[in-house]
Amino acid sequence: MRKFADLHIKLQNLNEDILTRTGQTAREMGIDILGVVLPRNFDQYEFSKVKNNLARTGIDAATRIDLNQKSRSQLLSDLRSVRKKFEIVAVECRSPTIARIACRDRRVDIVSFPIENRRIKFSSSLGGLCKGSLEIDIAPLLTTKELPRHIVLSRLKDRVSTAKRSRVPIILSSGAENPLMLRAPREIAAIGALLGLENVEALDSVSKTP
């Protein structure tokens, strides 16, 4: 039996009420594990508080940090300081330099590429370096106002194709900023199939891989 995960939950508010509603909504949708983005200055007590709030709704929570540094030295310094503190370390790649470092550094679990950034994309050369997984959020398909939806779809399809050729694991996530943006795993998997994943690959991207 599959366990389903959504590893990119970036709530705007981490109070008890929001966490409870997020956990309850996730459970109703059949999600078992949530990766919750937390501030780097959280201490162990605050980590435990988030985990316990979600555990009461039947959700297993993983602590996550999203890094989006602009310089090589900044990124390497931050990787040293956060790797042992967070269960999931993700890097948002906004430049070729950051992308190369993030892809080849084994301390990075997940890399992602902003859909609106034309300066950098997930290329075959980066795919050959990638030690972690490529994450694709579905939120831009629902919320972006900067790009037409067909452009977003085209760019996401290109990323999926490149990752498959390079044998880089793909993780599909909601990118939810509030409980209303959560989506059921099989709905997200259906979008994965639209982007070029086979049905089993799409289901793996919301279960086995994450």
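Residues numbered from 1 in each chain as written. Predicted model: local features only at pLDDT ≥ 70, side-chain atom pairs only at ≥ 80, totals over all residues. Heavy atoms only, no water.

Undergrad: Where do I start with the sheet that holds strand β5 (residues 110–112) in this structure?
TA: Working definition: the strands of a sheet are paired by backbone hydrogen bonds and lie parallel or antiparallel to each other. The parallel open sheet is built from seven strands, whose spatial order is β1-β2-β3-β4-β5-β6-β7. The sheet terminates laterally at β1 (5–9) and β7 (170–173), the two strands that pair on one side only. Between one strand axis and the next, the sheet turns by 30° as a mean value, whatever way the strands run. Together, β2 (33–37) and β3 (60–67) form the strand contacts of helix α2 (residues 44–55), whose direction differs from that of β3 by roughly 135°. (Pairing = 2+ DSSP bridges. Helix = DSSP H or I, 4+ residues; strand = E, 2+ residues; numbered from the N terminus. Axes fitted to C-alpha atoms, helices over the stretch in contact; angles between N-to-C directions. Contact = heavy atoms within 4.5 Å.)

Undergrad: What is the right way to look at the packing of helix α1 (residues 16–28) against α2 in this model?
TA: To characterise two packed helices, one gives the angle between the axes of the helices and the distance between these axes. Put simply, α1 and α2 touch, their axes get as near as 8 Å, and they point 45° apart. Judged by the inter-axis angle, α1 sits oblique to α2. Seen from above, α1 lies across α2 with right-handed handedness. Two secondary-structure elements touch here, α1 through E16, L19 and G23 and α2 through V50, N53 and L54. Among the residues making up the contact of α1 with α2, the classes are represented as three nonpolar, two polar and one charged. (Parallel < 35°, antiparallel > 145°, perpendicular 65-115°, else oblique. Left-handed = near helix turned anticlockwise from the far one by under 90°. Nonpolar A, V, L, I, M, F, W, Y, C, P; charged D, E, K, R; others polar.)

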